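# Notes for the structure review
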Amino acid sequence: MLALVLVACCLCAGLVAAPAAHADDWRDKQYWLAESGITKAWEVSKGAGVKVAVIDSGVDALHPDLKGAVVGGYDASGAGQPDGQKSVGSKPEHGTLVATMLAGRGHQPATASPKPSPGAATQGPDGIVGVAPEAEILSVSTWLGSTNPSGKSDQDQIPEAVRWAVDNGAKVINISLGSTTPQWPQSWDAAFLYAEQKDVVIVAAAGNRVGGNIQVGAPATIPGVLTVAGLDRKNTASVDASSQGISIGVAAPAEDLLGGLPGGGYAEWAGTSGSTPIVSGVAALIRSKWPSMSAEQVINRIVTTAKDAGVPGKDPLYGYGILNAEAALKDDVPETSSNPLGSVAEWIRVHRRGNLATPAPLPTADVPSAVPTLPEATVPAAEAPSQRDSAISAAVVIGFALLFLAIIAAAAVQLTRAARNPALARDETETGVLDKVDSERKP
């Protein structure tokens, strides 16, 4: 049975509630905004007009930093509220942490005089500001990590959540969850294909080693999904808050992160759960700047402008490299007609033979490496030998038989001669040819 978990891990101070603080306390700790080029990217776009679906544990729309940011939602778990804004599952705080990092807007201090804010939302001086502070959030709640009281499984919740997000205007989908196997149920195929056909960018977390994700697990192994690995504060692959696999597209900060908690608090946390909304936010900035740009080109912009890290070129720790939001928004990037991370439509054609009707059994065991995007090995079919090959083989056998008969005949002749002339037989046996040559020498 595929078991999905929300891929956050508690490092450093862990998940701890904190009172609202001034910008100097919180904003200065959001190091990724400057180091990943996000503050420079804001000179071009802040994500206005783009809906981002957060498929997670539910988002608290009443958090002060999300005021006006959550514009809709849905409960795919069957155990939450219809609007998806009730926190559910084993980590109910998870969705709000993700949403505030993605589209947090900060807030005005309680003592400040209210200011009118026509048009796009403004950033308040307190609290957390997200990567795309003018984007809009669709909260899609799922129950993961423990027994769902409604009885709905991961197989049912994830495709339902993806389809709802697509149908309700999401141009980017953030999935900060993962599993310990690269395989995914066939019941997911149609939903991810639907998102691909509807031109939606899906960003997913690579998972964390400290949580058991040594290798990237589904859904981050699905072709076409932009998979995000995690970095430590030195911009190297995080030992705990990341994993590895051939499907990784880009790497982003994963340690010493900050996010909002349901009820208005804050937390320090870590994991690719936090790296993912950073990249989803950059995708929203791009889609806001170029509304007609295809999902393939959005992903291509992010991966081709990344700063190469690790071994040269794409590798299983950093993918194409480290996120560079400024370059993704400002550089000239050649257009592409295909997703550099593959196509789920092509994968289905090859591996499911285009059949979406017959459900496949869930994997029963983990596999050591993320391989769904690679074609399966095939064994060449045996071919019958040709008539020419058969004729040559028969000729060889007959030739050896005739040679054997000739040897027998020669031996019989020699034995007959020896029987008729015993002296000759004795001389040849004792002296051989060499003695015959010596006997011809002159004294």
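Bear in mind that the values here come from a model prediction, so they are computed numbers and not experimental data.

The rules behind each value
- Residues numbered from 1 in each chain as written.
- Predicted model: local features only at pLDDT ≥ 70, side-chain atom pairs only at ≥ 80, totals over all residues.
- Heavy atoms only, no water.
- Helix = DSSP H or I, 4+ residues; strand = E, 2+ residues; numbered from the N terminus.
- Buried < 20%, exposed > 50% of the residue type's maximum accessible area, 1.4 Å probe, protein only.
- Contact = heavy atoms within 4.5 Å.
- Areas by Shrake-Rupley, 256 points an atom, 1.4 Å probe, with all protein chains shown as cover.
- Arc of directions from axis to C-beta.
- Polar contact = N/O pair within 3.5 Å; in protein donor to acceptor, adjacent residues only side chain to side chain.
- Axes fitted to C-alpha atoms, helices over the stretch in contact; angles between N-to-C directions.
- Parallel < 35°, antiparallel > 145°, perpendicular 65-115°, else oblique.
- Left-handed = near helix turned anticlockwise from the far one by under 90°.
- Nonpolar A, V, L, I, M, F, W, Y, C, P; charged D, E, K, R; others polar.
- Salt bridge = Lys/Arg side-chain N within 4 Å of Asp/Glu carboxyl O.
- Expected span 1.5 Å × (residues − 1).
- Pairing = 2+ DSSP bridges.

### Concerning the overall build of the chain
Within the chain one finds 13 helices and 13 strands. When each of the 443 residues of the chain is scored for burial, the buried share is 49%. Nonlocal contacts in the chain, meaning residues at least 24 apart in sequence, comprise 79% of its contacts between residues at least 6 apart. For the chain, the exposed surface amounts to about 20400 Å²; the carbon and sulfur share of it is 57%.

### Re the environment of Ala205
On the secondary structure map, Ala205 appears in strand β9 (residues 201-205). By relative accessible area, which is 1% here, Ala205 ends up buried. Sequence separation between Ala205 and Pro277 is 72 residues, and the spatial gap between their C-alpha atoms is 9.0 Å.

### Quick look at helix α10 (residues 344-351)
Taken together, the buried positions of α10 are occupied by Val344, Trp347, Ile348 and His351. All buried residues of α10 project into a common sector of 100 degrees when viewed along the axis, lining one side. Among the structural elements, α6 (189-197) are those in contact with the buried residues of α10. Its side-chain oxygen 3.2 Å from the backbone nitrogen of Ala345, Ser343 forms the N-cap of α10. Phi turns positive one or two residues past the end of α10, at Arg353, with a value near 55 degrees.

### Description of the packing of helix α5 (residues 154-167) against α6
Where α5 meets α6, the axes come as close as 8 Å, and the angle between the chain directions of the two elements is 20 degrees. By the angle between their axes, α5 is roughly parallel relative to α6. Here α5 and α6 pass one another in a crossing that is left-handed. Mapping the contact onto sequence places Ile158, Pro159, Val162, Arg163, Val166 and Asp167 in α5 and Ala190, Ala191, Phe192, Tyr194 and Ala195 in α6. Within the contact of α5 with α6, the residues separate by chemical class into nine nonpolar, no polar and two charged.

### Some words on the pattern of salt bridges
Enumeration according to the criterion identifies nine salt bridges in this entry. The partner of Arg233 in a salt bridge is Glu35, with the nearest N and O atoms 3.7 Å apart. Here Glu35 lies in helix α2 (residues 32-35) and Arg233 lies in the loop between β10 (226-231) and β11 (248-253), a separation of 198 residues in the sequence. Taking relative accessible area as the criterion, Glu35 reaches 43% and is therefore assigned partly exposed.

### With respect to the packing of α6 against α10
Remark: α6 packs on α10, axes separated minimally by 9 Å, with the N-to-C direction vectors making an angle of 140 degrees. In terms of orientation, α6 and α10 fall into the oblique class. Contacts between α6 and α10 pair Asp189, Phe192, Leu193 and Glu196 from the former with Val344, Ala345, Trp347 and Ile348 from the latter. Residue composition of the contact of α6 with α10, grouped by class: six nonpolar, no polar and two charged.

### Regarding helix α7 (residues 272-289)
Given a rise of 1.5 Å per residue, 18 residues ought to cover 26 Å, and the 26 Å separating the end C-alpha atoms of α7 matches this to within 8%. Burial analysis of α7 places 16 of its 18 residues in the buried class, which makes it a mostly covered element.

### Notes on the pairing of strand β12 (residues 257-260)
Walk down a regular strand and you will see the side chains alternate between the two sheet faces. Here β12 shows a buried face lined by Leu257 and Gly259 and a second buried face lined by Leu258 and Gly260. Where β12 lies against strand β13 (residues 266-269), four bridges are found, and the strand directions are antiparallel. By the bridge assignment, Gly259 is partnered in β13 with Ala267. Counting the residues that bridge the hairpin from β12 to β13 gives five residues, and of these Gly263 lies at a positive phi of roughly 95 degrees.

### A word on unusual backbone geometry
Cis geometry marks the peptide bond from Ala218 to Pro219, where omega comes out at 10 degrees. One non-glycine residue, Asp199, adopts positive backbone phi at about 65 degrees. For Asp199, the location among the structural elements is in the loop between α6 and β9. On the accessibility criterion, Asp199 (22% relative accessible area) is partly exposed. Here Asn235, not a glycine, exhibits a phi torsion of approximately 65 degrees, which is positive.

Treat this as a map of the structure, not an account of what it does.
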